[in-house]
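Structure assessment
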Amino acid sequence: MILKRLVTSSVGRKTIVAVTGLLLILFILVHMLGNWNMFLGPDAMNSYAAKLQSLGGLLWIARIGLIVIFLLHVFFTIQLNIENKQARPIPYKKKDYVRATLTSRTMAVSGLLILAFVIYHLLHYTLGVVQPETFKAKLTDAQGRPDVYMMVIYGFRNPIISLSYIIAMLLLAMHLDHAVQSVFQTLGWTTKNIFPKLIRFSRAFAIFIFIGYTLIPLSILLGIIK
Ligand code: HEM
């Protein structure tokens, strides 16, 4: 009953987009912290990756959960967009861009490009289709574990791959700049007084994520991580 109301009302659909968005933001944060093992060296990175793999069934539950969350997020965003367009088939003559920021106006574009990036990223580091010769299944470290550390290094030594990741991180940061504050607003976790602070927090978080992820390809390109 609650589920039906959630899916059929526009407020319910907005809530689904916000909650799934929040879960994706948490994943993005945790994944970045995990990737920082690259700065601690091959042993740290490979034992982190091996620990994740050893979760077995749990890892698969998390993966399927993530896919479902992602699909719900994309599906209901598209549906809300279509509804908004149908509610106003004739576009505004003069668009009021004074309050709408660049990042809020480009959410659909940045979101779809992030989707394309995630597909490419899975083909690269999870399935080994992009660079099969340096995929983790083919590389093992001194302890016989899949050498995820070297796989990431080989990947980002290629400037075109690094650049494409950095561009994707920029799009991710643009998406987060609006998304974080939007989640808080939709879930009613803000007031008029703290709203300006929320906008600043959202921007700071987006920049933090951009720098946090981009440091990895940059450090590899500059030879800081070898
Ligand atoms: C510099 C940036 C990034 C690096 C170095 C990186 C690294 C990796 C690596 C090495 C894996 C494979 C882990 C393994 O199977 O052992 C992976 C998987 C994954 N990454 Fe990233 N990643 C980056 C950015 C991102 C971003 C921005 C997102 C999401 C928007 C993302 C989403 C994922 C997902 C969904 C998986 C699949 C997880 C799984 O197989 O269970 N990654 N990443």
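Residues numbered from 1 in each chain as written. Predicted model: local features only at pLDDT ≥ 70, side-chain atom pairs only at ≥ 80, totals over all residues.

1. A short note on the overall build of the protein chain
When you go through the protein chain residue by residue, the secondary structure sums to nine helices and zero strands. Written out in order from the N terminus, the α and β elements of the protein chain read α-α-α-α-α-α-α-α-α. Counting over 226 residues, the protein chain shows a buried share of 21%. Counting contacts in the protein chain only where the partners sit at least 6 residues apart, residues at least 24 apart contribute 71% of the total. (Helix = DSSP H or I, 4+ residues; strand = E, 2+ residues; numbered from the N terminus. Buried ≥ 20, exposed ≤ 12 C-beta atoms within 10 Å, placed from the backbone. Contact = placed C-beta atoms within 7 Å.)

2. Observations concerning the site of the ligand
In the vicinity of the ligand, 18 residues are found, and the nearest of them are A49, Y125, T126, Y213 and I216. Breaking the shell around the ligand down by element, the ones donating at least two residues are α2 (10-35), α6 (107-126), α7 (148-157), α8 (159-186) and α9 (195-221). For the shell around the ligand, the per-class residue count stands at 13 nonpolar, four polar and one charged. (Near = placed C-beta within 6 Å. Nonpolar A, V, L, I, M, F, W, Y, C, P; charged D, E, K, R; others polar.)

3. What to know about the nonpolar core
With 30 residues, the main nonpolar core has L172, A173 and L176 as its most contacted residues. When contributions to this core are tallied by element, the ones reaching two or more residues are α2, α3 (42-54), α7, α8 and α9. Looking at which element gives the most residues to this core, the answer is α8, with ten residues. If we ignore the near neighbours within four places in the chain, the residues touching A173 are A206, I207, I209 and F210. (Core = buried A, V, L, I, M, F, W, Y, C linked by C-beta atoms within 7 Å.)

4. Overview of the confidence of the model for the protein chain
Chain-level pLDDT for the protein chain is 93 on average; 95% of the residues reach the 70-or-more range. Of all helices and strands in the protein chain, the one with the weakest mean pLDDT is helix α1 (residues 2-8) (79), whereas α7 scores best (98). (pLDDT = per-residue confidence, 0-100.)

5. So, helix α4 (residues 57-87)
With 31 residues, α4 extends 45 Å between its outermost C-alpha atoms, agreeing within 8% with the 45 Å of an ideal straight helix rising 1.5 Å per residue. Judged by how many residues are buried, α4 sits mostly at the surface: three of 31 residues are covered. Among the residues of α4, H73, F76 and T77 are the ones counted as buried. Where α4 is buried, its residues meet α2 and α6. (Expected span 1.5 Å × (residues − 1).)

6. Notes on the packing of α6 against α8
Two elements in contact, α6 and α8, have axes separated by 9 Å at closest approach and are oriented at 135 degrees. Considering the angle they form, α6 stands oblique to α8. The interaxial crossing formed by α6 with α8 has left-handed handedness. Residues M107, S110, G111, L113, I114 and F117 of α6 touch α8, and the partners they reach there are A168, L171, L172, M174, H175 and H178. When its residues are assigned to classes, the contact of α6 with α8 shows eight nonpolar, four polar and no charged. (Axes fitted to C-alpha atoms, helices over the stretch in contact; angles between N-to-C directions. Parallel < 35°, antiparallel > 145°, perpendicular 65-115°, else oblique. Left-handed = near helix turned anticlockwise from the far one by under 90°.)

7. Looking at the packing of α2 against α9
Close contact between α2 and α9 brings their axes to 10 Å; oriented N to C, the two are set at 35 degrees. The handedness of the crossing between α2 and α9 is left-handed. Contacts from I28, M32 and N35 in α2 reach I209, G212, Y213 and I216 in α9. A breakdown of the residues in the contact of α2 with α9 according to their chemical character gives five nonpolar, two polar and no charged.

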